[in-house]
Amino acid sequence: MFGSFIKKSRAKSPWIMHFDCGSCNGCDIEVLACLTPLYDVERFGIINVGNPKHADVLLVTGTVNHRNKKVLKNIYDQMPEPKAVIAIGACGTSGGVFREAYNVVGGVDKVIPVDVYVPGCPAKPEAIIDGVVAGLAKFAQKVEEAK
Amino acid sequence: MDTLILVIIGIVAGPVLGGLVAGLDRRVTAWFQSRQGPPVTQPFFDVAKLLGKERTVVNQWQILCAWVYLIGAATSVALLFAQADLLLIFFVQAVGAVFLVMGALAVKSPYSQVGAQRELLQMLAYEPVLVLVFVGFYLVTGSFSLEALWAQETPLLAKMPLLYLALGFALTIKLRKSPFDFSTSHHGHQELVKGVLTEYSGPYLGLVEIAHWYETILVLGLCAMFWHTNVAIMAVLVILTYLVEILVDNTMARMTWRWMLKRVWLLGMGLSIVNLIWLYAR
Amino acid sequence: MSNLLLLLILLPVAAALVCYFVRSSAVRSMTVVATGVVLALAALGLLAQGTFEPIMVGSFLGIGSDFLISVLDFALLGVIYYYGFKHKSLLIQGFTLAQAVLLVWFEVFSLKHAAVPALAGDQLTLVMVLVISIIGSLICVFAIPYMKKHEGHQHLEKSRQPRFFFFLMIFLGAMNGLVLSNNILWMYFFFEATTLCSFMLIGHDATEIATRNAVRALWMNALGGLAFVVGMMLIHFETGLIDISAILAGGPQGVVMVTGVGFLCLAGFTKAAQVPFQSWLLGAMVAPTPVSALLHSSTMVKAGVFVILRFAPAFAGTFLSTGVAVCGAFTFVACAALGVGQSNGKKILAYSTVSNLGLIICCAGINTPLALTAALMLILFHAVSKSLLFLCVGTIEQNIGSRDIEDMRGLYSRMPRTALITIIGILTMMLPPFGVLLGKWMAIEASADANIFVVVMLAMGSAMMVVYLARWAGSMMGTREEGTLSESQPLLTSVPLLTLCLGAVVLSAASPWIYNSLLAPWLGSTPFTVGFGSLESAHGTFVVVPLFLVLGLGLLYAVRAASGYRKSRFTPPYMGGANSSVSGNYVGPMNGEVEFSAGNLYLDELFAESKLTPAFNALAVALIILMLGGAL
């Protein structure tokens, strides 16, 4: 019984950690907009935490470059399982207009596995919330499969 | 036998009530900020999720300290329900608090190190105030045991109003509310990441969270003792006190330890001393 | 009976002579260990026989023992004067001369030489004898390997250990004599003997700073000796008595007598290093660690509190009593505050000792049965925990070459065994259900009856004590890398450490029974009753055994959970994602590796020693004047 309660709780309490990989801050503003009273993601139990060790979902905005790919990897590694990654915005999903730049590695999925891609430049808050919900469904499925 | 039943009730009901208080707190805070907020049961989902997460630690001291923190907090609530000696309850509570700090100091993390130092300063601020509140209690009832309270016919608040205000300082610190939430806070983002809690993760963070619920019940229980003659008024007093806490939390900025020590030592201790002088003179 | 008493006093003296004249280190080690064992057994034997009424001590080689003590008194003053002369200290010379003159006048003109029972033993005495003989002996045993290593660092041509153990052993004998004395002149003699021993031991390393600190200790304690003589004379002037049990039975009588007791308290203050006399005990840190352990836990400073506690019935209910309580409480809070600003481990322990002694003296001043019980509890448990901590710091210092708590960060990774014992030692100093906290709990509950100054000072001091001890214990915990070597300790090091560590825990658990069998019969009224392994009083209840069971089982469970840590995944601490390959380090500017470093908040702006000390000293002097002035 407690096991099923834990499973149910996972979907109800996704704590997110937001990592700005190399974004122009457009998507970052939209992520933060989710927390404002207008969107109020805390309704869904979503909390924005500052520490990968407390996080369930990693939101990544911006392109990955050679300087910060290690940081992205480290942060991902420090998150305890089960966890999900959501790439946000054109840059996060694919590297966007910067993908051919000499210093850019590409989208987030070049470094860590990504569960959900949220497109847009910048992504709309509704889309981000939708992405988090989709990500939760996905990692519930992952936990199920792992058993 | 009655005591044993009360103790069991305390241990079981403590975290349930504490979790509900935390849920209501988030709800009311959301209301103050014209948001809807999470369901009241949200803290339970959070903790259940944390308990189900992968165990990751920096070293084994964290595991030890998280457990002892929980055990210390639960024991102090059990003692509260057993109507034991107030000073003893307070010292047992300190066991948990000290271990939380030690676990944070055991890790080579700048955030938890600074958080732990600040937590110690918070203890430095609230401990004398609490001791003085208990001494006031002794002067009124003639005993440090909570049991002696029931023989009193008038509520304590009538004789210890200033001590109740001073207790408010301790309450705010213990509940990790602004302006005293600089060792760690309920909100994710602060300059220390999550301060003293930074390196506790997964199930161990869950244990710390449950222990915090116990502590909430402990301090609110102490507040409740100020109006023991009437359960309804007792409830009103506790609810009002907690509402004021939330209001303070939402309207105050986070302050520094210097500010805290100055306020709590001068104002908090001052209020307590004035009240005690009055009790001694009586 | 009297053979046992003489054994307790004279055996250490004999052992001291053996240590001094036989220069073989094997013989010396054997002597010290054997003496320790015999002393401990003798103390237990005395305990088994229980308390005894004052008894006479006959003559020795045809010379009356009282006369012998008088002669030795003057010899001792002569020696102290000589050292004052040698080190050109006018203060020592002045205080000693004054003592000698007063003493001559007292013994020749004033005192009626009647036979007075020289030795007596009540519960207070028994507890003190146990502390001195068992803990003191353990420290002496610990000193054997320690001094070997200590001299190894010094490259001496000729070992100075004979001299060292000579004074160490004499110290134990003198302390036993002091606590067993019933004749106030005997007490004075032993009081002075401990002064001389501490001077010799503090200055043992004969460095410039050691000599300077030893001289300071000597002049402060000579002042104490002077106060003792004055007090003794004033009491005799009013009551005509030098029999301590008779003086106590009489209670406070008249202004002159109470003032005399006030001077005795002043003597106790100097010996117990109360503010403003704390500087001699802090200076005593230059001595080898066993000396510090001995001075701080079982001898010397305990002599100070013993004198005050012994004479507590003689000033019950007077203004002097309140004065003593306020002075003690002030020392408690002042030294706790000074401790917050310290990073030197030995200094932290020193301030914590002075602070706890202040608490004991405060209890003596409160002077209710509850408070006096608290004082005795504190003496017992503080001695165990504090000696343990000093020995730990000594062991650590010899291994890492530093006594700074910042250098002990993560000590568990290097010296797991010592670090663990130290952490346990610190916990027994500040948390329930251990004995020191039990004593503190009693003290705070007793202080609620006293006055508001005392209550507030105790509340503040106890919070500060937690701060500086908790952060020390916490920072010693650390990550132990896989495959590091385990730590080895010499047998003579680990036996005292483990015995004291176990003692601190087991004695705490047994405190209700210790109270029942040892402390309860001491005072006419018993403040506590024992039921279900808990101590119950009219003030409140401390559930010792249930708490031990609950917290102990909880701790066991926590330890089990923690020892299953290999099931967990290890991650380095959070460093904003910029972790380097070494746990705790991060990659900084220019791809450079930044090493982890941390420091405690010592709150210099509030708790700087240099700023606080003069203010505290001035306040303490004012309080002492108030205390003595009020007695008049």
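The rules behind these values
Residues numbered from 1 in each chain as written. Chains lettered and ligands numbered in written order. Predicted model: local features only at pLDDT ≥ 70, side-chain atom pairs only at ≥ 80, totals over all residues. Helix = DSSP H or I, 4+ residues; strand = E, 2+ residues; numbered from the N terminus. Rg over C-alpha atoms; globule rule 2.2 N^0.38 Å. Axes fitted to C-alpha atoms, helices over the stretch in contact; angles between N-to-C directions. Parallel < 35°, antiparallel > 145°, perpendicular 65-115°, else oblique. Left-handed = near helix turned anticlockwise from the far one by under 90°. Contact = placed C-beta atoms within 7 Å. Nonpolar A, V, L, I, M, F, W, Y, C, P; charged D, E, K, R; others polar. Pairing = 2+ DSSP bridges. Buried ≥ 20, exposed ≤ 12 C-beta atoms within 10 Å, placed from the backbone. Expected span 1.5 Å × (residues − 1).

We now examine the overall build of chain B. Looking only at helices and strands, chain B features 10 helices and one strand. Seen in sequence order, chain B has helices and strands lined up from the N terminus as α-α-β-α-α-α-α-α-α-α-α. Here the C-alpha atoms of chain B give a radius of gyration of 18 Å, agreeing with the 19 Å that 2.2 N^0.38 yields for 282 residues. Judged by the C-alpha coordinates and their principal axes, chain B covers about 55 × 45 × 40 Å.

Okay, the packing of helix α5 (residues 123-154) of chain C against helix α20 (residues 491-509) of chain C next. All names here are of chain C. Closest axis-to-axis distance for the α5/α20 pair is 7 Å, and the angle between their directions is 150°. The orientation of α5 with respect to α20, classified from their angle, is roughly antiparallel. Viewed along their axes, α5 and α20 form a crossing whose handedness is left-handed. Where α5 abuts α20, its residues Leu 138, Ile 139, Val 141, Phe 142, Ile 144 and Pro 145 lie against Leu 492, Thr 493, Val 495, Pro 496, Thr 499 and Leu 500. Class assignment for the residues of the contact of α5 with α20 results in 10 nonpolar, two polar and no charged.

Moving on, we come to the interface of chain B and chain C. Between chain B and chain C, the residue contacts involve 56 residues of the former and 55 residues of the latter. At the level of secondary structure, the elements contributing two or more residues to the side of chain B that touches chain C comprise β1 (56-57), α3 (60-81), α4 (86-105), α5 (110-141) and α10 (257-281) of chain B. Alignment of β1(B) against strand β8 (residues 569-570) of chain C, held across two bridges, turns out to be parallel. Bridge pairing in β8(C) places Thr56(B) opposite Arg569(C).

Looking now at the environment of Val97(A). All names here are of chain A. Mapped onto the fold, Val 97 is located in the loop between α4 (89-94) and β6 (104-106). Overall, the presence of 11 C-beta atoms within 10 Å leaves Val 97 in the exposed class. Separated by 34 residues in sequence, Val 97 and Thr 63 have C-alpha atoms that sit 9.5 Å apart.

Our next topic: unusual backbone geometry. In this chain, Glu81(A) is followed by Pro82(A) through a cis amide linkage whose omega measures -10°. You will see that Asp40(A), though not glycine, has its phi angle at about 45°, which is positive. Mapping Asp40(A) onto the fold places it in the loop between α2 (26-33) and β2 (47-49). Given 19 C-beta atoms within 10 Å, Asp40(A) falls into the partly exposed group. A positive phi angle, near 45°, is found at Ser34(B), a position not held by glycine. Looking at where Ser34(B) falls in the secondary structure, it is placed in the loop between α1 (2-32) and α2 (42-51).

It is worth spelling out α20(C) at this point. Residue and element names in this part refer to chain C. Helix length check: α20, at 19 residues, gives a terminal C-alpha distance of 27 Å against a target of 27 Å (1.5 Å per residue), a fit within 8%. Residues of α20 that are buried include every one of Thr 493, Pro 496, Leu 497, Leu 500, Cys 501, Gly 503, Ala 504, Val 505 and Ser 508, and no others. Packing partners of the buried residues in α20 comprise α5, α16 (369-400), α17 (416-430), α18 (435-447) and α21 (511-519).

With that out of the way, let us pick up the pairing of strand β5 (residues 84-88) of chain A. Residue and element names in this part refer to chain A. Here β5 lies mainly inside the structure; five of its five residues are buried. Both faces of β5 are covered, namely the face carrying Ala 84, Ile 86 and Ile 88 and the face carrying Val 85 and Ala 87. As defined by bridge partners, β5 adjoins strand β7 (residues 116-118) across three bridges and the pair is classed as parallel. Along β7, the bridge assignment pairs Ile 88 with Val 118.

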